[in-house]
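# Coordinates in review
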Amino acid sequence: MNHTFNLAQEPWVPVIRLDGSADELSLHDLLVQAHNLREVFDPSPAVTLALYRLAVAILHWIYGVETEDEWVGLWKRECFPPEPIIDYFRDSKHLFDLFNPERPFWQVPEFVLKERSPQMQLFVEAVSGNNPVLFDHSLDDEPHPVTPAQAARGLIVCQLLSLGMGQSGKPFIGGRQIVKSRLDRRDAPLARGASLVLQGDNLHKTLTLNLLTRRFRGGFFESGLGNPIWERDIDWTTDEAFKPGWVAHSLDYLEYLTVLSRWVRLIPKPDEHGKTVVRRLYLTQGVVVPKDFKDPFKRYLRNKREGWTPVSFRADRALWRDSAVWFEVSDVADTKNHPPEPLRQAQAWVLNGILDHSDTLHLRIMGLGTKPGKAAAVQFWRSETLAMPMTFLADETLVPKLSVALDWAENGAADLDKTVRRMIHQILAVEQGGGDKERVEKQIANLSPTRRYWPRLEEPFNRLIDTLPGDPEIAYVNWMEEIIRAMRDSFDATAGMLPRRARELQAIVAARGVLEGKITNLKSISLFNEENV
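The model shown is predicted, which means the values in this text are computed figures rather than measured ones. (Residues numbered from 1 in each chain as written. Predicted model: local features only at pLDDT ≥ 70, side-chain atom pairs only at ≥ 80, totals over all residues. Heavy atoms only, no water.)

### Here we look at the environment of R185
In this fold, R185 is placed in the loop between β8 (183-184) and β9 (195-199). R185 sits in the buried class, given a relative accessible area of 18%. Sequence separation between R185 and P101 is 84 residues, and the spatial gap between their C-alpha atoms is 26 Å. Not counting the four nearest positions on each side in its chain, R185 is found in contact with Q121, G164, M165, G166, Q167, S168, R262, L283 and Q285. (Helix = DSSP H or I, 4+ residues; strand = E, 2+ residues; numbered from the N terminus. Buried < 20%, exposed > 50% of the residue type's maximum accessible area, 1.4 Å probe, protein only. Contact = heavy atoms within 4.5 Å.)

Structure representation (structure tokens):
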């Protein structure tokens, strides 16, 4: 059976149209219709992120976008010029066949291993090895078939987001062993840290906002755009730069965006109805990107021990609490906070009048979290969006003001936690610093007062962001009122969970007095900060 599935022609990219309806499109239709689409969207943030990266790479290959003028030309149009897209996919459609025996898309043809892997090894969020169930319930020893469209999405995720865990087998091509020993698997470029996608009013605007001109690609890609992996003519048996385990110290921009981080070959088979499905594949380590590469779409903080490390999600912390970190776009040379390049580029366009500072920019941030001490065990995948008025890009005083306001909220949470902790100590008759600490901590974990506190501030935070640029004083006053209300309401809700016995009632009354004292102190600190910001 001749298996074929052409990504340029067949529907496989999940999207949301402007009217809110869901659909799947080919790569050709995705780009030609981008102005009529709201976004690329898959229930898995990993798939969504990988597909955005692929679309950006293809657009760079088609249009270049090296200069500000080229970027502005695409931004001011209502859509991507269709002729170059149509011509490219017509002339190069053979490069996008998922099962082309001589040149399968983003794969290595003809190679084999001693063992085949189940198809779910493509998906970092699936049950595989030690990973918990996140979005899927398949098991390694039960390789259920997936459609070509599902396999294609998994392939992109595998190349861009695979975690470095375990060892890879030794590949063979035509009986020739390509590497002499097994290799440790290394992280793909997007495996660690949270990645940014700037979002506009439609997919055309979104993709354009993430097309980086040469000036904003970072110091690792000075040699130019280069070629995406599917455009390269490669001798897989002799070309050292594509062999498993090769450390790519020098990459062009498109080589990086489409890096071959895994040697993969899908194995298509007919199902009982004669339709093409994928149950198994060959998979081993591919090209390694050094850890000191800064991905242009991530934010990095300088760590004294580890150097620059990408900002990641935390399971117990909503993204808006770190909005001051994500909104920061200061001079990279003078800061410990290295912003994502799309945000730096957007700031330049605001200051140049290309983007309107009165508009709002949406920062969609996607990434994974692993269990503490278990870097290969995925605990969650997350996608969150921050709405940022572009005034924050034009006025460098706004992020410090926002940081002050967020500090107040953190102080309020700490004061609430200390108050409840003191109340539980009194109830359990445990002296400060002694007694049955384990019992106290268990009770605190069960009551979890801050778990009620932070959700109460999410909507007020959105109002703070909207009002801070125009009237900081009013924004501060309203924000402090919301913090105080959240502290009191969260305390009352927590106290309401306790038995209504004399000991508990006495402790609640005493703790409420303590809380009011902390609120008074917090208000005095806020008044001092308002006068000095």
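Now, onward.
### Some details on the packing of helix α11 (residues 398-427) against helix α15 (residues 472-495)
Contact geometry of α11 with α15 gives a least axis separation of 10 Å together with a crossing angle of 20°. Judged by the inter-axis angle, α11 sits roughly parallel to α15. Both α11 and α15 take part in a crossing whose hand is right-handed. Residue-level contacts link K401, V404, A405, L406, W408, A409, G412, D415, L416, T419, V420 and M423 of α11 to P472, Y476, W479, M480, I483, M487, S490, F491 and T494 of α15. Split into classes, the residues belonging to the contact of α11 with α15 amount to 15 nonpolar, 4 polar and 2 charged. (Axes fitted to C-alpha atoms, helices over the stretch in contact; angles between N-to-C directions. Parallel < 35°, antiparallel > 145°, perpendicular 65-115°, else oblique. Left-handed = near helix turned anticlockwise from the far one by under 90°. Nonpolar A, V, L, I, M, F, W, Y, C, P; charged D, E, K, R; others polar.)

### Quick look at the sheet that holds strand β3 (residues 37-40)
What links the strands of a sheet is backbone hydrogen bonding, and the strands pair in either a parallel or an antiparallel sense. Taken together, the 3 strands give an open sheet; going across it, the order is β2-β1-β3, and neighbouring strands pair in antiparallel fashion. Two strands bound the open sheet, and with one partner strand each, they are β2 (22-25) and β3. Strand-to-strand twist in this sheet, taken as the mean axis angle between neighbours without regard to direction, amounts to 40°. The pairing of strand β1 (residues 13-17) with β3 spans 3 bridges and is antiparallel. Residue pairing in the sheet places I16 in a bridge with E39 of β3. Together, β1 and β3 form the strand contacts of helix α2 (residues 45-63), whose direction differs from that of β3 by roughly 110°. (Pairing = 2+ DSSP bridges.)

### Let's talk about the pattern of salt bridges
Scanning the model with the defined rule gives 26 salt bridges in all. The closest approach of N and O atoms between E66 and R214, which form a salt bridge, is 2.7 Å. With E66 in the loop between α2 and α3 (68-76) and R214 in the loop between α6 (203-209) and α7 (253-257), this pair connects stretches of sequence that are 148 residues apart. Looking at E66, the relative accessible area reads 22%, which means it is partly exposed. Judged by relative accessible area, R214 falls into the partly exposed class, the value being 41%. Taking the shortest distance from any N to any O, the salt bridge between R232 and E255 comes out at 2.3 Å. Highlighted residues: R232 in the loop between α6 and α7 and E255 in helix α7, separated in sequence by 23 residues. On the basis of relative accessible area, R232 is assigned to the partly exposed category, the value being 25%. (Salt bridge = Lys/Arg side-chain N within 4 Å of Asp/Glu carboxyl O.)

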